[in-house]
Amino acid sequence: MKFAILAPGHIAHSMAKTVSQIEKIECYAVASRDYGRAKEFANQWGFEKAYGSYQEMAEDPNVELVYIASPHSHHYEHAKLCLEHGKHVLVEKAFTVNAEQAEELVELSKKKGLLLAEAIWTRYMPSRKIIDDLLESQVIGKVTSLTANLGYILSHVERMQSPELAGGALLDLGVYPINFALMAFSGEVKQVHSTAIMSPRGVDWMNSITLTFADQKMAVLHSDMLAQTDRQGVISGDKGYLEVQNINNCEEIRVFNLNREMTACYKVPEQITGYEYEVLSCIRAIEEGKVECEEMPHSEILRVMRLMDEIRSQWN
């Protein structure tokens, strides 16, 4: 499958490293607004073509699947461009700036019969099945609550501080605790309570989110771009609890009993970067003629975006 990358920034290098080691992928094209930058990236990672505009790449009839790695503020525009030119699309998280944009893209993908997926890698990783199987086994009993956090010191990154580029902790970091909660708890979210500390430029530096589910479960979440956090997720039941080490890229899953004694520890498989799972899922879906990935269907993409819209509305 001829694979293209739109916007060769930092995260695109990780994707290029990944796809260069996937047999079913042909590293075909890379596009930047700066041809020199695209050419340098193409040479580094062995891509056949380099384009100095996104339009040019979208018009190349050989491009099949495009990975969109531009800032959040531009995901809608770039995904729409690619879909309108008949390309399957994998969009980096956060999917769009708001649910309205996401809804329009989902409708366009269905109309065109093209795959549209979100690159929220934790949805596709083997660790997800390990956690799901443990919860289903009831090794920690009846589960009622979870906590999750993600924080990195990113205040020096202009994209994170810029309202024009849809900066802030929520869209870049908070999306992970939210997805962690929704993967563990599939029920309807009945209430959302959130607060944030805002920067002088109007983006959230840090936030706290409490989700109350209709089936009497609760998730307490936190993301932060001013501090390093332990990145831990804890799912609690009436027979014990699970600790997920690093909800951003799971390293291991520990099971504890009521005496807080560790009774099991599960390592995750070796990986290229972790991005391979989302790419392989896209390939499977395309081969099967689907417009969405099983691991992160359109309904869940929209669920997350609508939750984040509600959260930001509470911050005015």
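In this text the structure is predicted, and so the values were computed from the model without any measurement.

Asks: Could you give an account of the overall build of the chain, naming the residues involved and the relevant values?
Replies: Counting secondary structure elements, the chain contains 10 helices and 14 strands. By the compact-globule yardstick of 20 Å for 316 residues, the chain fits well, its C-alpha radius of gyration being 20 Å. Across its three principal directions, the C-alpha atoms of the chain cover 60 × 45 × 35 Å. Counting all 316 residues of the chain, 57% fall into the buried class. Put simply, 66% of the contacts in the chain that link residues at least 6 apart link residues at least 24 apart. Roughly 13700 Å² of accessible area belongs to the chain as shown, and the carbon and sulfur atoms make up 48% of that amount.

Asks: Provide a residue-level description of the sheet that holds strand E5 (residues 88-92), including the pertinent values.
Replies: One key point about sheets: their strands pair by backbone hydrogen bonds, in either a parallel or an antiparallel sense. In space, the six strands of this open sheet follow the order E3-E2-E1-E4-E5-E6, with parallel pairing throughout. Both outer strands of the open sheet, strand E3 (49-51) and strand E6 (116-119), are each paired with one neighbouring strand and no more. Between one strand axis and the next, the sheet turns through 20° on average, direction left out of account. Packing of helix H2 (residues 35-45) onto the sheet brings it into contact with strand E1 (2-6), strand E2 (26-31) and E3, and relative to E3 it is tilted by some 160°. Most of the contacts of helix H9 (residues 276-287) go to E5, to which it runs at about 155°, and overall it touches strand E4 (65-68), E5 and E6.

Asks: Please give an account of the sheet that holds strand E10 (residues 218-224) that cites residues and values.
Replies: The eight strands lie next to each other as E8-E9-E10-E7-E11-E12-E13-E14, forming an open sheet whose pairing is mixed. Two strands close off the open sheet at either side, each with one partner strand: strand E8 (189-198) and strand E14 (262-267). Between one strand and the next, the sheet's axes are offset by a mean angle of 10°, whatever the strand orientation. With nine bridges connecting them, E8 and strand E9 (residues 204-213) associate as antiparallel partners. Its bridge partner being in E9, Val 189 is matched across the sheet by Phe 213. With respect to the sheet, helix H6 (residues 126-137) is in contact with strand E7 (143-151), strand E11 (233-237), strand E12 (240-245), strand E13 (252-257) and E14, its orientation differing from that of E13 by roughly 15°. In the packing of helix H10 (residues 298-314) onto the sheet, contacts are made with E8 and E9, and the angle to E8 comes to roughly 55°.

Asks: Could you give me a rundown of the pairing of E14, with the residues and numbers involved?
Replies: Here E13 runs beside E14; their pairing, made up of five bridges, is antiparallel. Across the sheet, the residue bridging to Glu 252 is Lys 267, located in E14. The hairpin formed by E13 and E14 contains four residues between the paired strands, and Arg 260 there has a positive phi angle of roughly 60°.

Asks: Account for the pattern of salt bridges, naming residues and giving values.
Replies: Enumeration according to the criterion identifies 19 salt bridges in this entry. A salt bridge links Glu 243 to Arg 254, with the nearest nitrogen and oxygen atoms 3.8 Å apart. Of the two residues, Glu 243 is situated in strand E12 and Arg 254 in strand E13; the sequence distance between them amounts to 11 residues. With relative accessibility at 14%, the residue Glu 243 sits in the buried group. On the accessibility criterion, Arg 254 (26% relative accessible area) is partly exposed. Measuring nitrogen to oxygen at the nearest pair gives 3.0 Å for the salt bridge that ties Glu 288 to Lys 290. Classification of Lys 290 as partly exposed rests on a relative accessible area of 39%.

Procedures and definitions
- Residues numbered from 1 in each chain as written.
- Predicted model: local features only at pLDDT ≥ 70, side-chain atom pairs only at ≥ 80, totals over all residues.
- Heavy atoms only, no water.
- Helix = DSSP H or I, 4+ residues; strand = E, 2+ residues; numbered from the N terminus.
- Rg over C-alpha atoms; globule rule 2.2 N^0.38 Å.
- Buried < 20%, exposed > 50% of the residue type's maximum accessible area, 1.4 Å probe, protein only.
- Contact = heavy atoms within 4.5 Å.
- Areas by Shrake-Rupley, 256 points an atom, 1.4 Å probe, with all protein chains shown as cover.
- Pairing = 2+ DSSP bridges.
- Axes fitted to C-alpha atoms, helices over the stretch in contact; angles between N-to-C directions.
- Salt bridge = Lys/Arg side-chain N within 4 Å of Asp/Glu carboxyl O.

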